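Fold and contact review
What follows is the residue order along each chain.
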Amino acid sequence: MYDESTVEDSLKACKDISAISKGITTDELFSSLDLFIKEKSGKHKWEDTLRELEGDHKGTLTVEISIESIKDTGKRRKKIPAIAAKAVRRIIMALFCLTAAFGLASFVNAHVAYQTTIEGESMEPSFTNNDSVIIQKLSYYLHDPERYDVIVFPVKADSGDGEEEVNYIKRIIGLPGEIVQIKDGKVYINGNELDGDNYSEEEIIDPGLVSTPVKLAEDEYFVLGDNRNMSTDSRYQLVGMVKKDNIEGAAWYCIWPFSHIKKLY
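Anyway, here's the lowdown on the structure attached to this text. (Residues numbered from 1 in each chain as written. Predicted model: local features only at pLDDT ≥ 70, side-chain atom pairs only at ≥ 80, totals over all residues. Heavy atoms only, no water.)

Turning next to the packing of aromatic side chains. Following the criterion strictly, the structure yields 4 aromatic pairs and no others. Relative to Tyr199, the ring of Tyr148 lies with its centre 5.6 Å away and its plane at 45°, an arrangement referred to as tilted. Here the residue Tyr148 occupies a position in the loop between helix 4 (139-142) and strand 3 (150-158), and Tyr199 occupies one in the loop between strand 7 (192-193) and strand 8 (214-215), the gap between them amounting to 51 residues. Taking the relative accessible area as the measure of exposure, Tyr148 reaches 17% and is therefore buried. Judged by its relative accessible area of 33%, Tyr199 is partly exposed. Residues Phe153 and Tyr168 carry aromatic rings whose centres are separated by 6.3 Å and whose planes lie at 40° to one another, so their mutual orientation is tilted. (Phe/Tyr/Trp six-rings, centres within 6.5 Å; stacked < 30°, edge-to-face > 60°. Helix = DSSP H or I, 4+ residues; strand = E, 2+ residues; numbered from the N terminus. Buried < 20%, exposed > 50% of the residue type's maximum accessible area, 1.4 Å probe, protein only.)

Below is the structure:
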């Protein structure tokens, strides 16, 4: 409790504080207060009041600082959902890219080109076992298969566990509408010995289905393996004549092994 003279002195001190605090910073204000207190010390009883005011003012600054800290914490908390949203967007974009890549790969594989591996020796010396070959489909959208093209087509074969489709790779020898025959170890087309067959020089031992002349339908192709006496091809019932709709594509490039890399079509 303060007496009347203390109250009057306190009011006057407040006015003095107000006068000296205009246009100065908080640090300058505190320095002025300390100086003011020292000058008045012993003459008034309100020095404790000034110090209490000073303490209250510092407390206010502490509260203000605490409020700023809370605001900063709020900002950091707001950043967390933003970072999470950014991560989700990146995940969605990655999934979209993977889906698009898978879709594109499926489209290319079904309609443009795909890789296959040669099994067996029926196409030697052009291809050997385990050669990796690219089969392209685009050219047959533009024109019909031609003589000496190497094509891939499915054949239904008995695997021991039932019938399954196996892809065969052979060379076109006879075209739709032509008459094909094998006699004296040679291939004849429309009664004339095949000219320009540079893929095999060996005589054919087994003429099979074409020991007598066979006319191909308008959508049929006669195919042989380059290793003529080690190939199951159109001479045999298992394969027979190949329908145009069953041709999946033409061999384009041999890509493996490196020593066999070459363009085929």
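Resuming the write-up.
All right, on to a negative patch on the surface then. A grouping of Asp158, Asp161, Glu163, Glu164 and Glu165 is seen on the molecular surface, where their side chains present a negatively charged patch. Per-element tally for the negative patch: the top contributor is strand 4 (residues 163-174), with 3 residues. Position of Glu165 among the secondary structure elements: in strand 4. Judged by its relative accessible area of 57%, Glu165 falls in the exposed class. (Patch = residues over 30% accessible without salt bridge, like charges linked within 9 Å, V, L, I, M, F, W, Y side chains within 5 Å. Areas by Shrake-Rupley, 256 points an atom, 1.4 Å probe, with all protein chains shown as cover. Salt bridge = Lys/Arg side-chain N within 4 Å of Asp/Glu carboxyl O. Lys, Arg positive; Asp, Glu negative; His and termini not counted. Charge placed at Lys NZ, Arg CZ, Asp CG, Glu CD.)

All told, the structure shown has 7 salt bridges when counted by the stated rule. Its salt-bridge partner being Arg228, residue Asp197 comes within 3.0 Å of it at the nearest N-O pair. Highlighted residues: Asp197 in the loop between strand 7 and strand 8 and Arg228 in the loop between strand 9 (220-224) and strand 10 (242-243), separated in sequence by 31 residues. Each member of the pair, Asp197 as well as Arg228, carries the same accessibility label: buried. Residue Asp219 pairs with Lys243 through a salt bridge whose shortest N-O separation is 3.7 Å. Here the residue Asp219 occupies a position in the loop between strand 8 and strand 9, and Lys243 occupies one in strand 10, the gap between them amounting to 24 residues. Lys243 gets classed as partly exposed once you look at its relative accessible area, which sits at 34%. Among the charged side chains, a network of salt bridges with common partners joins Asp219, Glu220 and Lys243.

Fair warning: the whole summary comes from geometry, so function is off the table for now.
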